[in-house]
Each structure stands twice: as structure tokens, then as C-alpha cells.
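Report on the structure
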Amino acid sequence: MPKWTELAFSEYAKRFSREFPLTLTTIPMPKRSHTNSVDRYIAEEGAAMLTAIPPKSITIALDERGKLWNTQELAKQIEHFQNNTPQLNFLIGGPDGLSKVCLEKAHTQWSLSPLTLPHPLVRILLVEQLYRAVSILNNHPYHRGS
């Protein structure tokens, strides 16, 4: 990831409270060669992602075809999921997207936008929206929207 991505992500991540701890787990991209197909890379990355997911947790796959939630709806979803488990996982695919298996195993699919977004920007948008949603749930003044 570019340095600006890490700086922006860490800026929001440090704002989270103990009630909503945030951990970033990065899965290394499979080594690419001209002899392997893109489908193979997507499958390898997906298998590694699924292995990293703790048991008894809820997984939300970020996908442009997922549900479009506004910020208030995201806050309600987080509250609902946290009532069922303390562990939420958000899957962001690599440059070629998430594997079909990841999409199928996720509890739901969420779209930040119908636009195709670059991976570094998705990471920042995700952490900002999570912070905004948690702020709503904690009655913190960060979110000033309606």
C-alpha cells in the first residue's frame, strides 16, 4: 500500500474505542507469473482470506454488487451484527476482486459505491465509514449528517 493509505488508515484506526477495536489483517497477494490465470490468483487470495477469519464471527464482503447502505443503515447493521457476535470481518478483494467462495461464505455483501474503486481508497473509505457509524452508535458528534 502507498504510504498515504497507511497514514490515513492509521489516523482513523486510532480513534476507535475499546468497545469497537479495529485490527487490519493484510493477506499478501499471490506471486504472479505469466503461466497462471487470474482466476487462480483470486482463488488463492480468497482461500488465504477465509483461513484468516476467526470462527464464530460475522463476515461482510465488500463488493460493488452488494447492498448500498447509507451511513445510518450501516450503523444499524453494525449494531445488529454486534448483538450476535463481537467479531466483525470486512473483506476487501485485491485488484481482481473477491473470490466467489469469499462472496458466498460472507454473511452479507456491502457496496461502498457502484463505482469501481482503487484498493487503497476502499481501505480508507471503509475505516472512515466504520468510524462514522460507531460514532453514531456512541452519540459522538463526529457524524453531523441527517
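Keep in mind it's a predicted model, so treat the numbers as computed, not measured.

1. Some words on empty space enclosed by the protein
If you walk through the whole model with that rule in mind, you get 1 cavity of 30 Å³ or more. Of the volumes computed, that of the largest cavity is approximately 70 Å³. Around the largest cavity, the lining residues are Met29, Pro30, Arg32, Tyr41, Ile42, Glu45, Gly94, Pro95 and Asp96. The class makeup of the residues in the lining of the largest cavity is 5 nonpolar, 1 polar and 3 charged.

2. Regarding the packing of aromatic side chains
Counting across every chain of the model gives 5 aromatic pairs. Look at Phe90 and Trp110: their rings are 6.2 Å apart centre to centre, the planes differ by 65 degrees, and that puts the pair in the edge-to-face class. A residue pair is termed long-range when its members are at least 10 positions apart, and Phe90 in strand S2 (residues 88-91) and Trp110 in strand S3 (residues 108-111) qualify at 20 residues. Judged on exposure class, the residue Phe90 and its partner Trp110 are both buried.

The rules behind each value
- Residues numbered from 1 in each chain as written.
- Predicted model: local features only at pLDDT ≥ 70, side-chain atom pairs only at ≥ 80, totals over all residues.
- Heavy atoms only, no water.
- 1 Å grid on protein atoms, 1.4 Å probe; cavity = no way out; pocket = protein on both sides within 12 Å on 5 of 7 lines; lining within 4 Å.
- Points joined across faces, edges and corners; volume = space filled by probe spheres on them.
- Nonpolar A, V, L, I, M, F, W, Y, C, P; charged D, E, K, R; others polar.
- Phe/Tyr/Trp six-rings, centres within 6.5 Å; stacked < 30°, edge-to-face > 60°.
- Helix = DSSP H or I, 4+ residues; strand = E, 2+ residues; numbered from the N terminus.
- Buried < 20%, exposed > 50% of the residue type's maximum accessible area, 1.4 Å probe, protein only.

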